[in-house]
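Structural characterization, general
The residues making up each chain are set out below.
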Amino acid sequence: MAGLGRRSHYRKHLTDSVLNDLPEPSENERIAKVVGTRGSNQFDLVVDPKEEDMDTTSQLAILPTKFRKLVWLKRNDYVICAVADEDDKGDDGGIRYMVTHILYKEQVKNLKD
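In this report, the structure presented in the accompanying data block is examined. (Residues numbered from 1 in each chain as written. Predicted model: local features only at pLDDT ≥ 70, side-chain atom pairs only at ≥ 80, totals over all residues. Heavy atoms only, no water.)

Let us now look at the nonpolar core. Within the largest apolar cluster, 19 residues are counted, with the highest numbers of intra-cluster contacts made by Leu 45, Leu 63, Phe 67, Leu 73, Val 79 and Ile 102. Only helix H1 (9-20), strand E1 (29-39), strand E2 (42-47), strand E4 (78-83) and strand E5 (95-103) provide two or more residues apiece to this core. (Core = buried A, V, L, I, M, F, W, Y, C linked by side-chain atoms within 4.5 Å. Buried < 20%, exposed > 50% of the residue type's maximum accessible area, 1.4 Å probe, protein only. Helix = DSSP H or I, 4+ residues; strand = E, 2+ residues; numbered from the N terminus.)

Here's what the structure looks like:
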C-alpha cells in the first residue's frame, strides 16, 4: 500500500492492534453482529444475549473516533461492544453500546474455539 510510512505512530499501532490482537469480551462487554449502518459512526447491532430473557432486537451503537478512517464496518461484521449503565432500562432508542473491538475472521475463529 502506498503511503504506509506516513502514518503516525499512534495510528500505526492502533491499526496493528485491531488487526492482530485476539480480544476476549470482559464481564461488561458483549459480542454483537452489525445489521445496519446509520451514518455518523452509528450502527445497528444485534447483541448476543447473556441471559435468556434479554431482547435480541437491534440496538444502537457508536464507533469511537479513534477508529475514524482506520477501520470500516459493514453489515454482518462482528464486534465487541461495551454496555452502557444497566440502570438505564428506558426504551428511548438512544445509543446503548460503544464498539471496543472489531472482530475479523481470525479473531472470530479464536473466540469460537
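Right, let's get into the sheet that holds E2. Reading around the circumference, E1-E2-E3-E5-E4 is the order of the five strands in this closed barrel, with mixed pairing throughout. Sheet twist, expressed as the average angle between the axes of neighbouring strands with direction ignored, equals 55 degrees. (Pairing = 2+ DSSP bridges. Axes fitted to C-alpha atoms, helices over the stretch in contact; angles between N-to-C directions.)

Turning our eyes to something else, we now look at H1. With twelve residues, H1 should cover 16 Å at 1.5 Å per step; its first-to-last C-alpha distance of 16 Å lies within 8% of that length. Listing the buried residues of H1 in full gives Leu 14, Thr 15 and Val 18. Looking straight down H1, one finds that the buried residues subtend no more than 100 degrees of arc, so they occupy a single side. Away from the buried face of H1 by more than 90 degrees, exposed residues His 9 and Asn 20 are located. In this structure, the buried residues of H1 make contact with E5 and helix H2 (105-112). (Expected span 1.5 Å × (residues − 1). Arc of directions from axis to C-beta. Contact = heavy atoms within 4.5 Å.)

Moving on: the pattern of salt bridges. Applying the stated criterion across every chain, the model contains one salt bridge. For Arg 38, the salt bridge is made with Asp 44, and the minimal N-O distance between the two is 3.4 Å. (Salt bridge = Lys/Arg side-chain N within 4 Å of Asp/Glu carboxyl O.)

Unlike most non-glycine residues, Asn 41 shows phi in positive territory, near 60 degrees. Mapped onto the fold, Asn 41 is located in the loop between E1 and E2. Judged by its relative accessible area of 23%, Asn 41 falls in the partly exposed class. Here the phi dihedral of Lys 69 falls at roughly 60 degrees; this positive angle occurs in a residue that is not glycine. Tracing the backbone through its elements, the reader meets Lys 69 in the loop between strand E3 (58-62) and E4. With relative accessibility at 65%, the residue Lys 69 sits in the exposed group.

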